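Listed below are the residues making up each chain.
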Amino acid sequence: MAIAMDIKAAIAAERRELADMLDALPSDAWDAPTLCAGWRVREVAAHMSMGFRHSFGGQARELLKARGNLNRMTDRLARKDAAAAAPPELAAFLRDNAHHPWTPPVGGLTSALGHDVVHGLDIAVALGLDRRVPDDRLRTVLDATGPRSAKFFGADLTGIALHADDLDWSFGSGTPVHGTAQDLVLVTFGRKLPPGRLRGEHSDRFLAV
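Residues numbered from 1 in each chain as written. Predicted model: local features only at pLDDT ≥ 70, side-chain atom pairs only at ≥ 80, totals over all residues. Heavy atoms only, no water.

Remarks on the packing of aromatic side chains
Two measures describe an aromatic ring pair: the distance that separates the ring centres and the angle between the ring planes.
Okay, step 1: Tallied over the full model, the rule gives 3 aromatic pairs.
Okay, step 2: Ring centres of Phe-152 and Phe-153 lie 5.0 Å apart, and the angle between their planes is 90°; this geometry places the pair in the edge-to-face category.
Okay, step 3: Taken together, a centroid distance of 6.3 Å and an interplanar angle of 10° make the contact between Trp-169 and Phe-171 stacked.
Okay, step 4: Cluster of aromatic residues (ring-pair linked, three or more members): Phe-152, Phe-153 and Phe-189.
Okay, step 5: In this structure, Arg-53 is placed above the aromatic ring of Phe-93, and the distance from its NZ or CZ to the ring centre is 4.7 Å. (Phe/Tyr/Trp six-rings, centres within 6.5 Å; stacked < 30°, edge-to-face > 60°. Lys NZ or Arg CZ within 6 Å of the ring centre and 35° of its normal.)

Following this line, the structure appears as structure tokens:
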């Protein structure tokens, strides 16, 4: 119970901090690309609050429209919601739902935290913002990393050993790739990073081109 309460508190704090980050963005940043391929800042922000604003039944209907393709469904909703809501509304959706109990279909509270952390970094890293996710949140997300989760998110970690420079955490075996804990979170979620953020012989595997 105490661990669950700690994660709930971390989720709420993350959402409030991300709302503050979004509120501080200049207007042109909302149309800038992110690490989420094909999505601008406004689509990522809309997606982060999708679970708060769309009922389970509504999402099920959207999934049927997308012929069962979850990625197609979430893309359609993100684009629709991003077009319908102004930036202050998109930020407020996160702040006003800081304690919303939504979790992804798999993974529970830890996956909910990972969802918020990664999408926040999708925006912050792409825009070059100096945002530091607290270590306890990063460790919670990183400690849930496994072969199944990496495969689900399309992260090719074959023959790679990830080593965090700023946190006592490593994963995998093989050629070392080093980076900050939050950059390695992005790697485990299948993201491609800007140059200069990772070190190691095969770090280019995870670079945006």
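That was the structure; now back to the text.
Section: helix 8 (residues 135–142)
Okay, step 1: All buried positions along helix 8 are accounted for by Arg-137, Leu-138, Val-141 and Leu-142. Summarising the axial view, the buried residues of helix 8 lie within an arc of 125°, below the 170-degree limit, and thus occupy one face. (Buried < 20%, exposed > 50% of the residue type's maximum accessible area, 1.4 Å probe, protein only. Helix = DSSP H or I, 4+ residues; strand = E, 2+ residues; numbered from the N terminus. Arc of directions from axis to C-beta.)

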